Structures are given as C-alpha cells and as structure tokens.
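A structural walkthrough
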Amino acid sequence: MTNDQFLILAILLSTVGMFLWGRWRHDMVAAASLLACVLAGLIAPRDAFAGFGHPAVITVACVLVLSRGLQTSGAVDVLARYALPKKAGPAISLAALVGLGAVLSGFMNNVGAMALLMPVAIQLAKRLDLTPGQVLMPLAFGTILGGMTTLIGTPPNLIVSGFRNQQGGGSFAMFDFTPVGLAVAVTGVIFVALVGWRLVPARQQSGVEGFETGAYLTEVRVSEDSKAAGKTLRELEQVLDEAGAQVVGLVRNEVRVNAPTPRHTVHGGDILVIEAEAEALANLLSSLGLKLEEAMSPKDMDDPEKSREDATGETSKGGDRSEKNPADAEKAPSGTSGDVVLMELAVLPGAVLSGRSASGMLLRTRYGLNLLAVSRQGQRSTARLRSLTFKAGDLLLMQGPPEAISEFAADNGCVPLAERELRIPDKRKAWEAGIIMAAAVGGAAFGLLPAAISFAAGVLASMALRTVPPRAVYEAIDWPVIVLLAALIPVAGAMASTGTADLIARFLLNHVAQGHAIVGLTLILVVTMFLSDLMNNAATAAVMCPIAIGTSSALGVSPDSFLMAVAIGASCAFLTPIGHQNNTLILGPGGFRFGDYWRLGLPLEVLVIAVSIPMLLLVWPL
C-alpha cells in the first residue's frame with residue numbers, strides 16, 4: 001500500500017465515520033473530505049471545485065427546479081385526484097397511491113413527490129381506518145423505489161452515469177435504468193400494497209396536524225362553466241365532504257342567504273360562502289371549477305378569461321404603496337418582481353388593523369393585495385368578506401407580492417404564521433409545467449441534447465413562463481445535496497487515480513467473492529444497500545462506483561452490471577429513518593421509532609436482491 005493509498009483510505013474511512021456519527025451535516029463532511037484530499041496533495045487545487053460543473057450536479061439542480069414547478073402549479077394535485085380510487089379497499093387504494101408516488105418519483109424529485117402526496121396519504125388512512133404510519137411508510141418506500149427507474153429519478157443514477165462516462169463508456173441514457181428498475185419497483189409496490197403495509201407498526205400519529213389554524217371562511221364565485229352550476233347544494237355535498245368543507249352561506253345579486261337549504265340550486269354568478277381548512281381550498285376549487293371571489297377585481301366579474309387568471313394568482317392588482325386612483329391601481333404591476341404568493345397572517349392584539357375592514361383600508365389599492373379568506377376561532381360572521389371587521393386573533397389568508405405582504409404585516413400589526421404550502425390551482429401553469437418537464441425528459445431521452453443541457457433549458461423556460469418564479473428558483477434547489485455531490489466527485493476521482501479503488505476491489509474479490517463474478521455482483525449490491533441505510537444515498541454511490549468499476553475490471557467483466565447494482569443498492573434505504581429523506585419525513589407524522597423501519601424494510605430489501613440480480617444478469621450480461 002502506497003502513502004497516497006493510505007491517506008485516501010484514511011480520509012474515506014473518516015468520511016464514512018462522520019456520516020454515520022451525524023454530528024455534522026453531510027455537505028460539511030463532504031467539504032471537509034475534499035479539503036483534506038487537497039491538503040494531502042491527492043487532488044490538485046485547480047481541480048478541487050471541478051465537481052460543481054459536473055453534468056450530474058447540474059442535472060440534479062435543474063430537476064429540483066422543474067419538480068418545484070410541477071408541485072406549485074397544482075399539476076400533481078390534478079393527477080392524484082383522477083388517479084386514486086374514491087371507495088376501494090386497502091390493497092387497491094394503497095397500490096394506486098404507492099404506484100402514483102413511484103411514477104412521479106421517476107420524473108421528479110422523490111422528496112417532492114412524497115411531500116405532495118403526504119396529505120393525500122393521511123386522508124386515505126382516515127378513510128381506511130388505518131394509522132397514518134401504515135400508509136405513509138408504504139408511500140415513502142414506493143417513492144424511493146420509483147426513483148431507480150429513470151436517469152433523473154434520483155441523484156445516485158446520475159452519479160453512476162457520470163462514472164460510466166469518465167471510464168469512456170459514455171453516459172447512460174434516460175431509460176437505461178428502466179428494465180431493471182421497473183421490475184424492482186413494480187414488484188416492491190405490489191408487495192407493499194398486498195402484504196407490506198400489514199408489517200408496519202400501528203403507532204399513534206405525532207405532528208400530523210401541524211399547527212391548528214381553524215377553518216377559514218372564504219367566498220368563491222360560481223362561473224357559468226363550473227361543475228357546480230345547475231346543481232343543488234345536496235348534490236355538491238359529496239365533493240364538499242371529501243374536501244372537508246361546507247357551504248354556510250350564498251350570495252345572489254348582492255343578497256346573502258345564511259344557512260341555505262340543501263334544495264337551493266346553484267346558478268352561474270352565485271357566490272358561495274364556504275368554511276374549509278386552508279389546505280382543502282385548492283382541492284375544492286379545482287374539483288368544482290370555482291374561483292376565489294376576492295382574487296377578482298370588480299371589472300373582471302364580467303370577463304371570465306381575466307377572472308380566471310386573477311383567481312389563480314397569475315396577476316395581482318396594485319403594487320404601488322401610495323394612495324392613488326383605484327383605476328390606476330388596477331393597471332399597476334404586481335409588486336416589484338411580479339411574483340405572487342399566498343401567506344397566512346395573524347392579527348395581533350392592539351393591531352392597527354383591529355376594527356377595520358379590507359374595503360375600508362383600500363387593501364387592494366394601497367398594497368396590491370387580495371384577502372382570500374378569514375379564520376376566526378370557529379366563529380362565523382354574516383358580513384361579506386370585504387366588509388368584515390377584523391379582530392385580534394383573526395387569521396388572514398392573503399395573496400400578493402411577498403414584499404407587499406411583508407409591508408402590510410409590518411404596517412398593521414400582523415405576524416406571519418409558520419410557512420406552509422398553500423396551492424391555488426392554475427390549469428394553464430399546470431399544463432405548462434408538465435409540457436416543460438416532458439420536453440426536457442424527451443430531449444435527453446432521444447439524445448437531442450445532453451441531459452444537463454436539456455434540463456437547464458427546461459429551467460430557463462420555467463423561469464420565462466413563471467411556472468417557477470425567478471425568485472423561487474434558488475429556493476427550490478437543495479444546496480446541501482449539491483455541495484455533497486460536487487465535493488465527493490473529486491474525492492471519488494482520487495480513489496481511482498491512486499489505485500485505492502482497485503485495492504479495495506481486489507480485497508473483496510480475493511477474500512469474499514473468490515473470483516466468482518455473480519458473487520461479486522451480489523456483494524457490491526448488498527454493501528451498497530447497507531451503506532445507503534446509514535449514510536446519504538448520493539454519497540454512497542460516489543464511494544461505491546470506483547469500487548464497483550475496480551471489481552469488474554479485476555474480474556474481467558463488463559462494468560455496466562456492477563454500476564447498475566450500485567444504482568439499485570443506493571436507492572434501497574429501507575432499514576432506518578436516516579437513510580433517505582423520505583424516511584425522515586414520515587418519522588413524526590407516522591409516530592415511528594428508529595427500530596420500526598426494518599419490519600417492512602428488511603423483507604423489502606431481500607425482495608429487491610432476489611429480483612434485481614437475475615434482472616441485472618439478463619439486461620446487463622457480464
């Protein structure tokens with residue numbers, strides 16, 4: 001063993017130890033490992049930060065941004081509503097939910113897919129009379145499985161593809177991972193839906209409800225083409241019940257009817273006063289084709305196309321903070337950036353806002369904001385939303401530029417609540433986000449452009465069309481993961497250049513595999529799965545790729561099957577809550593303990609090995 005091999009091996013072992021210790025965040029550990037290699041003379045200073053320009057790193061960042069566009073536009077919400085059965089039993093319902101999570105994870109960030117479907121999973125658990133954890137854990141594992149089916153499904157696949165390219169074999173194509181990954185994912189989803197959920201401990205939920213804000217009272221306008229037009233309130237009850245909402249009033253020709261009877265027929269142009277949780281608003285609006293009344297200006301009431309744009313948040317009136325002619329305010333741009341957000345504000349005791357109303361304050365004219373809904377500790381008011389007098393303790397759902405909302409809160413004694421995702425559906429942006437993602441995937445899949453270039457073009461299109469506002473682009477990127485990948489790529493290169501990867505490979509080959517290629521392939525898969533359960537999956541792939549290439553070289557076989565084994569193993573972190581972010585995400589809502597994951601995770605990992613080894617040998621022959 002040379003001095004360089006000893007140094008890189010010591011740094012590598014220390015890095016893995018720091019990952020397992022968990023005291024430092026993984027990007028800090030990766031940066032420390034990189035700097036240690038530079039100081040030890042294993043990596044030239046000019047090459048230290050070359051990883052930040054690596055195609056895999058660029059592609060991961062771009063996929064995160066495009067995923068945010070699918071998330072915020074409501075595209076996934078629409079898909080979930082149509083794809084999931086309403087009245088099926090546990091097996092079919094779980095298969096549909098977990099299958100949807102797996103499909104989404106193949107084309108968007110799997111953490112984003114998990115976050116989007118968590119509220120759906122919790123509602124499904126209530127309908128099936130299961131604990132949240134019995135639905136959340138299968139969903140988390142399904143989204144992890146789905147990531148292994150495409151090149152962009154998960155960062156380890158991109159890392160594996162990058163190492164293949166460095167070896168002169170070219171990058172893997174978009175769907176090269178699909179034959180093996182799809183077989184594993186489908187088998188895993190079927191197992192989880194039929195048997196696996198029964199192995200999940202029935203823990204009491206913890207933190208599912210988040211912070212309680214109570215139900216909001218909001219006004220929604222029924223357009224002529226709305227699904228609600230022409231139906232009685234009784235006919236709408238099923239949709240309202242599914243969304244956790246109820247109609248508490250109706251306004252027709254500026255006359256309010258309190259507690260309308262179920263026989264009331266809803267007409268186009270009516271305004272329904274609805275009581276619903278904040279998270280249920282988006283689903284309700286999308287299901288019935290309703291528009292938030294207070295997101296529409298008076299002159300737009302007669303213009304359906306314009307009102308559709310305003311109700312979905314594409315435009316917001318005003319933007320100038322000074323007093324001015326209301327007609328001019330209607331023409332002003334929305335804030336300084338043109339971005340529109342939704343935010344919940346609480347009215348503090350003694351606030352300037354107390355005793356005033358939205359119309360009395362000229363809320364839209366002065367601040368360019370829309371008051372979409374009000375929550376008042378379970379109390380109902382007979383006043384219209386725009387004329388409702390605010391009180392201390394009220395919760396306001398505001399729409400407008402973030403700068404304007406912040407200024408309004410500071411001026412009037414309000415404080416923002418904890419940040420939460422409140423998505424008002426926007427069909428046009430949902431279509432645009434879906435088309436952009438499909439075009440980016442197609443460009444890479446058909447070899448029209450390199451993956452990094454294709455997805456970077458998709459990000460630029462998303463910014464131009466504002467499916468992801470420019471302000472939110474950098475917020476959408478998980479920077480610790482980017483730093484982790486960029487730092488470990490040069491370290492992995494040092495493992496190869498010093499011969500350390502070959503050294504480790506020969507040790508495994510001589511003492512464990514004993515020259516048998518299939519045993520060596522299985523060993524690489526199992527070791528990768530074990531490490532992925534204990535440390536970040538991207539870091540695991542970066543560490544194991546050089547070892548896999550060295551092992552295949554020593555055996556005199558193709559490296560492709562060994563690299564694919566690394567990709568599969570790095571995507572199978574099912575034994576601990578720390579192996580994957582989706583496992584961590586469900587720890588609180590599912591009420592889980594550290595030792596709960598292996599009960600479903602262990603048989604699932606055994607199943608993955610049993611399916612993937614034959615498929616690897618069939619699709620990627622040695």
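Just so you know, the residues in each chain are numbered from 1, in the order the chain's sequence is written. Reporting of local features is limited, given that this is a predicted model, to residues whose pLDDT is at least 70; pairs of side-chain atoms are given and counted only at 80 or more, and all residues count toward the totals for whole chains, interfaces and linings. Based on all heavy atoms of the structure, the side-chain values leave hydrogens and waters out of the count.

Turning to the overall build of the protein, a few remarks are in order. Runs of E in the DSSP output that reach at least two residues are strands. Runs of H or I that reach at least four are helices, and both are numbered from the N terminus. A tally of helices and strands in the protein yields 25 helices and nine strands. The cut-offs for exposure are 20% and 50% of the maximum accessible area for each residue type, with area from a 1.4 Å probe on protein chains only; residues under the lower value are buried, those over the upper are exposed, and the others partly exposed. Out of the 622 residues belonging to the protein, those deemed buried represent 56%. Note on contacts: a residue pair is in contact if any heavy atoms of the two residues lie within 4.5 Å. Excluding contacts between residues fewer than 6 apart, the proportion of contacts in the protein whose partners are at least 24 apart in sequence is 77%. In this description, accessible areas are obtained by the Shrake-Rupley approach with a 1.4 Å probe, and a residue is regarded as covered only by the protein chains that are shown. Summed over all atoms, the accessible surface of the protein reaches about 25400 Å², with 61% contributed by carbon and sulfur.

Okay, the pattern of salt bridges next. Side chains that carry opposite charge are capable of pairing whenever their charged atoms lie near each other. Throughout this description, the term salt bridge denotes a Lys or Arg side-chain nitrogen within 4 Å of a carboxyl oxygen of Asp or Glu. Within the structure shown, the criterion is met by four salt bridges. Across the pair Arg25 and Asp27 runs a salt bridge, and its minimum N-O distance is 2.7 Å. Residue Arg25 is classed as partly exposed on the basis of its relative accessible area of 49%. In this structure, the salt-bridge partner of Arg164 is Asp560, at a minimum N-O distance of 2.8 Å.

Another point: unusual backbone geometry. The phi dihedral of Asp129 falls on the positive side, at around 60 degrees, and the residue is not glycine. Along the polypeptide, Asp129 turns up in the loop between α6 (110-128) and α7 (132-146). Looking at Asp129, the relative accessible area reads 70%, which means it is exposed. A positive phi angle, close to 60 degrees, is found at Arg466, a residue other than glycine.

This next bit is on helix α3 (residues 55-73). Residue count minus one, scaled by 1.5 Å, sets the expected span of a helix. If you check α3, its first and last C-alpha atoms are 27 Å apart, about what 19 residues at 1.5 Å a residue would give, namely 27 Å. Among the 19 residues that make up α3, 15 are buried, leaving the element largely enclosed by the rest of the structure. Residue Gly74 follows α3 closely and has a positive phi angle near 90 degrees.

The next subject is the packing of aromatic side chains. For Phe, Tyr and Trp, where Trp contributes only its six-membered ring, two rings pair if their centres lie within 6.5 Å, and the inter-plane angle classes them as stacked under 30 degrees, edge-to-face over 60, or tilted in between. Across all of its chains, the model carries six aromatic pairs by this definition. Summarising the aromatic geometry, the rings of Phe172 and Phe177 are spaced 5.3 Å apart at their centres and angled 65 degrees between planes, so their arrangement reads as edge-to-face. Here Phe172 and Phe177 have matching classes, each one buried. Both rings, one in Phe172 and one in Trp620, keep their centres 5.6 Å apart while their planes meet at 75 degrees; by these two values the pair is edge-to-face. Separated by 448 residues along the polypeptide, Phe172 in the loop between α8 (155-166) and α9 (178-194) and Trp620 in the segment after α25 (598-619) bring together distant segments of the chain. Taking the relative accessible area as the measure of exposure, Trp620 reaches 15% and is therefore buried.

Here we come to the nonpolar core. Here is a general trend for soluble globular proteins: nonpolar side chains tend to be buried in one another's company. As used here, the term nonpolar core means buried Ala, Val, Leu, Ile, Met, Phe, Trp, Tyr and Cys residues forming a set that is joined through side-chain atoms within 4.5 Å. The biggest cluster of nonpolar side chains holds 136 residues, and the ones touching the most others in it are Phe141 and Phe455. For this core, the element with the highest residue contribution is helix α19 (residues 479-497), accounting for twelve residues. Discounting chain neighbours no more than four positions away, the residues touching Phe141 are Phe574, Asn583, Tyr597, Leu600, Gly601 and Leu604. Membership of the second largest hydrophobic core comes to 23 residues, among which are Val266, Leu272, Leu290 and Leu397.

Attention now goes to the packing of α3 against α19. Helix packing geometry: the angle between the two helix axes and the distance between the axes. Running from N to C, α3 and α19 point in directions that differ by 170 degrees, and their axes come no closer than 9 Å. By the angle between their directions, the pair α3 and α19 is classed as roughly antiparallel. Along the contact surface, α3 presents Val57, Val60 and Ala61, while α19 presents Ile482, Leu485, Ala486 and Ile489. Under the grouping applied here, Gly and all other residues not named as nonpolar or charged are polar, the nonpolar ones being Ala, Val, Leu, Ile, Met, Phe, Trp, Tyr, Cys and Pro and the charged ones Asp, Glu, Lys and Arg. Residue classes in the contact of α3 with α19 are distributed as seven nonpolar, no polar and no charged. Orientation is described by lines fitted to C-alpha atoms, with helices fitted over the stretch in contact, and by angles between N-to-C directions that extend from 0 to 180 degrees. Convention used here: angles under 35 degrees read as roughly parallel, angles over 145 as roughly antiparallel, angles from 65 to 115 as roughly perpendicular, and any remaining angle as oblique.

This part covers the pairing of strand β6 (residues 341-347). The buried count for β6 comes to six of seven residues, which makes it a mostly enclosed element. When DSSP finds two or more bridges between a pair of strands, those strands are recorded as paired. Taken together, the six bridges between β6 and strand β8 (residues 395-400) define a ladder with antiparallel strand orientation. Within β8, the position partnered with Leu342 by the bridge is Gln399. Here β6 pairs with strand β9 (residues 414-416) via three bridges, running antiparallel. Bridge pairing links Val347 to Cys414 in β9.

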